[in-house]
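What follows is each chain in one-letter form.
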Amino acid sequence: VLSLEEELGNNFSFSVREVIAFLQKHPDADQSDLFDIEWAYLPLFDAGDRYTAITLENKLCDNPEFFCQLIRHNWRAEGAKPRKQEHTKQEKNIAENVWLLLHMWSKVPGTDEEGEIHEDTLRNWLEIVKTSTTESGHLAVAMSKVGEMLARDRGETENLPVQSAIASVLNDSDAEPLRTGFSCSDYSGAGFIDISGENERNKAEKYRHYADNLDSC
């Protein structure tokens with residue numbers, strides 16, 4: 001049984017998310033204001049929930065430098081020494097939101113309204129991120145986080161578990177950090193263990209089908 005405080009908190013969270021969802025669909029809603037609202041209430045969103053931080057995800061897809069800024073905020077550059085001074089409360093709050101946003105981010109750059117990913121757009125986005133994070137010393141972690149996001153895309157096709165654009169960039173010779181992030185995200189999303197083994201047998205059959213069709217894609 002929920003306490004009154006918990007029940008009020010749940011009702012508040014639901015109401016806020018409903019209001020945000022309404023604003024997201026309103027054609028006259030100011031996108032800058034929506035960005036600020038979603039950022040302020042980001043902890044109320046959950047990965048996989050029907051409520052999504054659409055404006056923030058669109059910002060990540062449309063502005064690769066925004067993604068790079070988030071990476072630089074939460075991770076030190078390769079070879080950099082830990083800072084000696086303690087992080088401020090504001091920095092900690094921002095860091096928490098960065099973690100949340102990157103964890104729930106599932107919209108792939110280059111995705112159109114029908115859900116199809118345009119490979120040229122995705123590659124252009126990746127190149128900007130690679131250039132920026134190479135200069136700042138954050139390339140490996142940035143690519144790993146992008147790989148995790150790519151694994152959350154649900155654009156499964158008949159022949160592959162991902163759309164061909166994702167499969168193509170993962171197959172690049174320099175995409176090892178991408179593949180690492182993709183694999184880690186896929187593993188962490190495996191879910192509960194079915195002791196009957198039926199789920200695992202179904203997965204095995206599905207991935208054998210993908211493997212059989214890989215060369216034709």
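Look up a bit, the structure's there.
Residues numbered from 1 in each chain as written. Predicted model: local features only at pLDDT ≥ 70, side-chain atom pairs only at ≥ 80, totals over all residues. Heavy atoms only, no water.

1. As for helix α5 (residues 89–104)
1) Next: With 16 residues, α5 extends 23 Å between its outermost C-alpha atoms, agreeing within 8% with the 22 Å of an ideal straight helix rising 1.5 Å per residue.
2) Next: Turning to α5, the residues buried within the fold contact α2 (31–40), α3 (54–62), α4 (64–74) and α7 (139–152). (Helix = DSSP H or I, 4+ residues; strand = E, 2+ residues; numbered from the N terminus. Expected span 1.5 Å × (residues − 1). Contact = heavy atoms within 4.5 Å.)

2. Considering helix α6 (residues 119–136)
1) Next: Look at α6: 26 Å from first C-alpha to last across 18 residues, which is about the 26 Å you get at 1.5 Å a residue.
2) Next: Close packing links the buried residues of α6 with α3, α4, α7 and α8 (164–170).
3) Next: Once α6 ends, the next one or two residues include G137, with phi positive near 85°.

3. A look at the pattern of salt bridges
1) Next: In the structure shown here, the tally under the stated rule is 10 salt bridges.
2) Next: Here R72 ties to E65 by a salt bridge, and the two come within 2.3 Å at their closest N and O atoms.
3) Next: For E65, a relative accessible area of 27% puts it in the partly exposed group.
4) Next: Among the salt bridges present, the one from E148 reaches R152, with a minimum N-O distance of 3.7 Å. Taken together, the positions of E148 and R152, both in helix α7 and four residues apart, correspond to about one turn of that helix. An identical accessibility class is assigned to E148 and R152; each is buried.
5) Next: Several salt bridges share partner residues, and in doing so they unite E119, R123 and D172 into one network. (Salt bridge = Lys/Arg side-chain N within 4 Å of Asp/Glu carboxyl O. Buried < 20%, exposed > 50% of the residue type's maximum accessible area, 1.4 Å probe, protein only.)

4. Observations regarding the environment of L122
1) Next: Looking at the element boundaries, L122 is found in helix α6.
2) Next: On the basis of relative accessible area, L122 is assigned to the buried category, the value being 0%.
3) Next: Through-space distance from the C-alpha of L122 to that of C61 is 8.9 Å; in sequence the pair is 61 residues apart.
4) Next: Residue contacts for L122: discarding those within four places in its chain leaves V108, P109, G110, I117, A165 and V169.

5. With respect to the nonpolar core
1) Next: Counting residues in hydrophobic clusters, the biggest one holds 43 residues, and the most contacted among them are F67, L102, W105, V146, L150 and I166.
2) Next: Put simply, the parts of the chain that give this core at least two residues each are α1 (4–25), α3, α4, α5, α6, α7, α8 and α9 (176–188).
3) Next: Counting residues per element, this core draws most heavily on α7, at six residues.
4) Next: Dropping the residues within four chain positions of it, F67 is found in contact with L60, L102, W105, W125, V129, A142, K145 and V146. (Core = buried A, V, L, I, M, F, W, Y, C linked by side-chain atoms within 4.5 Å.)

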